[in-house]
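Inside the fold
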Amino acid sequence: MPEGRPRRRGAALAAALLVAVLLLLLLPALPAALLLGALAAPLLPLLARRPPRLGAPLPAEGKAVLVTGCDKGFGHALAKRLHAEGFTVFAGCLLKDKGGDGARELEGLGPERMEVLQVNVCSDEEVARALELVQKNLQGLDKGLWGLVNNAGIASFGDVEFTSLEKYKAVAEINLWGTVRVTKAFLPLIRRARGRVVNVTSMLGRMASPRRSSYCISKFGVEAFTDCLRQEMYHWGVAVIAIEPGNFIAATGILTQEGVEAQAEEMWRQASETVRADYGEAYFLQQAQQMKAFVNSGSRDKSLVLEDISTALTSRHPYTRYNPMGSQWWVRLQAVAHLPTALADWLYID
């Protein structure tokens, strides 16, 4: 299956990187912004082009897809979109049993081709019950389940020394182990259909960021899981695909100002006296304020992500990775992934 972007884009990137490295060697005092401009300029026209579909898309009718994390955000919007496209949708919601608004809205689209399930991806029992319900309601069980979209996830922030081990474990339990748990449960049905596993990762699953280590660790893990599973599934005819969104915080509400405040208060309260003294309260408050401002950043339009997931499910030859993100983030991702680490850090880390 083709990888990521058309080859002409890879060639343009290689040329741009070569120019940037030569400029760095020849002009050591070149400002970072100017060097970044030299790197990005040849790419921007290409970034405006969406990856082309290869061949006519597969029909949605008669195909069933399970989506996790459908209470809100990408998952909720995706469940509605896939249903409108003709898929049979099993929408996993964390708050279905508590009468959550998102679950109730999706239930209003049923019962034809929309089944809302109670799914906490951290619970072996709930995942097993969801599997039973899917098997019970799946039309033509012998044909299996066409698609699994592992979307459920949470976000967090904080310097390493302010982030508790419990927080690291909690974020990984949902983002990483939840993805593994659900995939392992439903993979036999996916194999039977020779279908698709689509994992919603993040650009922070391939590039690190200060104060985001708990989130990055979990998403780097999902990327590794996706790559390993993809290689194992070639033999079975199953496509395993990573969706790597850029900054869509404003669109999804995965972080809120109230949530940032609560996390910040908890981190400061739990920090040791040594860490508080060394970092200082002024620094800590400044970082918390920056994260609160970040909550309102990014795209408010989910359509780029939804389109890529839909394409991953319907393309006859899907890409292994999709990068729904703004041009500046795509350039940064490529720079971090391909430039020498010291150079990438110099460009992007304050």
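Residues numbered from 1 in each chain as written. Predicted model: local features only at pLDDT ≥ 70, side-chain atom pairs only at ≥ 80, totals over all residues. Heavy atoms only, no water.

Moving on: the pairing of strand β5 (residues 196-200). Of all five residues in β5, five are buried, a share of seventy percent or more. Residues Arg196, Val198 and Val200 point to one face of β5 and Val197 and Asn199 to the other, with burial holding for every one of them. As defined by bridge partners, strand β4 (residues 147-150) adjoins β5 across four bridges and the pair is classed as parallel. Across the sheet, the residue bridging to Asn150 is Asn199, located in β5. Pairing between β5 and strand β6 (residues 239-243): five bridges, direction parallel. The residue bridging Val200 from the neighbouring strand is Ile243, located in β6. A crossover links β5 with its parallel partner β6, the connecting element being helix α9 (residues 213-233), and its sense is right-handed. (Buried < 20%, exposed > 50% of the residue type's maximum accessible area, 1.4 Å probe, protein only. Helix = DSSP H or I, 4+ residues; strand = E, 2+ residues; numbered from the N terminus. Pairing = 2+ DSSP bridges. Right-handed = clockwise from strand over helix to strand, strands pointing away.)

Val149, Ile309 and Leu313 are the most contacted members of the largest nonpolar core, which totals 34 residues. Those elements giving two or more residues to this core turn out to be β1 (64-67), α4 (73-85), β2 (88-93), α5 (101-107), β3 (114-118), β5, β6 and α14 (303-314). In this structure, Val149 is in contact with Val65, Leu66, Val67, Thr68, Leu78, Val198, Val200, Ile309 and Leu313, ignoring residues within four places of it in sequence. Within the second largest apolar cluster, 30 residues are counted, among which are Phe162, Phe284, Trp330 and Leu333. (Core = buried A, V, L, I, M, F, W, Y, C linked by side-chain atoms within 4.5 Å. Contact = heavy atoms within 4.5 Å.)

Next up on the list: the packing of aromatic side chains. Applying the stated rule across the entire model yields seven aromatic pairs. An angle of 70° between the planes, with centres 5.7 Å apart, marks the rings of Phe74 and Phe248 as edge-to-face. Taken together, the residues Phe74 in helix α4 and Phe248 in the loop between β6 and α10 (249-252) connect sequence positions 174 residues apart. Aromatic pair Tyr279 and Tyr283: ring centres 5.6 Å apart, planes at 40°, arrangement tilted. The class for Tyr279 is partly exposed, based on a relative accessible area of 27%. (Phe/Tyr/Trp six-rings, centres within 6.5 Å; stacked < 30°, edge-to-face > 60°.)

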